[in-house]
Amino acid sequence: QKTGCTKVYFHQEVTYEEQEVEKHTCSALEQAGVEVVPFWANTLYHSEDLPFAVENMPDVYTEFRELVEKDGKMRAPLEEPETIPSLPRCEEGRIPTLRDLGLSDAPVDGTGSSFISTASSFKGGEKEALLRLESYLNE
């Protein structure tokens, strides 16, 4: 409301947790008078264009491929835009913290450690990954 936003477009997700977030976010936006426009783009085939219901998705790729090759529809690509507008110029500034945005600090695990600091403290590489896996399995 503070920004004057009247419409929000978002990419639909497929897993339960993300769909729950979408549901609650859409509800809050609609209550604030903001139009919500979801779109699908996770797959080469739109779920509505498959020759079977998503609930009847074959477990084996070969069966899936044979069904879509035989009876699937492929949507036409979007037309190429004549021009692409440049991005608006924005002044550089400080990145807001979670508190600046009216949120609480980063979530913590059962030990009181921040998930963010824990995740970002991992070192890369196979040796480190094997050590982390061994540590995880021994917990």
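Preceding block: the structure.
Here the residue numbers are simple positions, counted from 1 along each chain's written sequence. For this predicted model, a pLDDT threshold of at least 70 governs which residues receive local features, and a threshold of 80 or more governs which side-chain atom pairs are given and counted, while totals over whole chains, interfaces and linings are taken from all residues. Side-chain figures throughout are based on the complete set of non-hydrogen atoms in the structure, without hydrogens or water.

Draft legend 1. Structural context of the overall build of the protein chain. The helix and strand labels rest on DSSP assignments: H or I over at least four residues marks a helix, E over at least two residues marks a strand, and numbering proceeds from the N terminus. Of regular secondary structure, the protein chain possesses 4 helices and 2 strands. N-terminal to C-terminal, the α/β element order of the protein chain is β-α-β-α-α-α. Each residue's exposure class comes from its accessible area (1.4 Å probe, protein chains only) as a fraction of the maximum for that residue type: buried when under 20%, exposed when over 50%, partly exposed otherwise. Of all 139 residues assigned to the protein chain, the portion counted as buried reaches 10%. Intrachain contacts of the protein chain at a sequence separation of at least 6 include 46% that bridge at least 24 residues. Per-residue and other accessible areas follow the Shrake-Rupley method at a 1.4 Å probe size, with only the shown protein chains counted as cover for residues. Here the protein chain has roughly 12,600 Å² of accessible surface; of this, 55% comes from carbon and sulfur atoms. Every residue pair with non-hydrogen atoms within 4.5 Å of one another is taken to be in contact.

Draft legend 2. Broad picture of the pattern of salt bridges. When a carboxyl oxygen of Asp or Glu is within 4 Å of a side-chain nitrogen of Lys or Arg, the pair counts as a salt bridge. What the rule picks out here adds up to 7 salt bridges. In this structure, E48 and R75 form a salt bridge, with 3.6 Å as the shortest nitrogen-oxygen distance. Of the two residues, E48 sits in the loop between strand 2 (35–39) and helix 2 (61–71) while R75 sits in the loop between helix 2 and helix 3 (115–120), which places them 27 residues apart along the sequence. When its relative accessible area of 61% is taken as the criterion, E48 is described as exposed. Residue R75 is classed as partly exposed on the basis of its relative accessible area, which comes to 46%. When the shortest N-O distance is used, the salt bridge between D49 and R75 registers 2.6 Å. Separated by 26 residues along the polypeptide, D49 in the loop between strand 2 and helix 2 and R75 in the loop between helix 2 and helix 3 bring together distant segments of the chain. One salt-bridge network, held together by shared partners, links E48, D49 and R75.

Draft legend 3. Region of interest: the packing of aromatic side chains. Here the aromatic set is Phe, Tyr and Trp, taking the six-membered ring for Trp, and pairing holds for ring centres within 6.5 Å; pairs whose planes are under 30 degrees apart are stacked, those over 60 apart are edge-to-face, and all others are tilted. Throughout the structure, instances matching the rule amount to 2 aromatic pairs. Their ring planes at 70° and their centres at 6.0 Å tell us that F52 and F64 sit as a pair that is edge-to-face. Linking F52 in the loop between strand 2 and helix 2 with F64 in helix 2, this pair joins segments that are 12 residues apart in sequence. Here F52 matches F64 in class, with each residue buried. Look at Y61 and F64: their rings are 6.0 Å apart centre to centre, the planes differ by 35°, and that puts the pair in the tilted class. Pair noted here: Y61 and F64 are both in helix 2, with a separation of 3 residues, about one helical turn. Y61 sits in the exposed class, given a relative accessible area of 56%. Given a relative accessible area of 17%, F64 falls into the buried group. Clustering of aromatic rings is evident, with ring pairs tying together F52, Y61 and F64.

Draft legend 4. Layout of a nonpolar patch on the surface. Residues L130, L133, Y136 and L137 make up a contiguous nonpolar surface patch of roughly 450 Å² in combined accessible area. Of note, L137 is situated in helix 4 (residues 126–138). On the accessibility criterion, L137 (60% relative accessible area) is exposed. Only residues whose relative accessible area exceeds 30% and that form no salt bridge are eligible for patches; like-charged ones are grouped when within 9 Å, while nonpolar side chains (Val, Leu, Ile, Met, Phe, Trp, Tyr) are grouped when within 5 Å.

Draft legend 5. Spotlight on the layout of surface pockets. Think of a 1 Å grid over just the protein atoms. A cavity is a set of points where a 1.4 Å probe fits yet cannot get out, a pocket is an open set with protein on both sides within 12 Å along at least five of seven lines, and lining residues have an atom within 4 Å of a point. Grid points are joined across faces, edges and corners, and a volume is the space filled by probe spheres set on the points. The computed volume of the largest pocket comes to approximately 200 Å³. The wall of the largest pocket is formed by V14, W40, N42, T43, L44, Y45, S47, L50, V54, M57 and F64. Three categories are distinguished: nonpolar for Ala, Val, Leu, Ile, Met, Phe, Trp, Tyr, Cys and Pro, charged for Asp, Glu, Lys and Arg, and polar for the others, with Gly belonging to the last. The class makeup of the residues in the lining of the largest pocket is 8 nonpolar, 3 polar and no charged.

The analysis is restricted to geometry; functional conclusions fall outside its scope.
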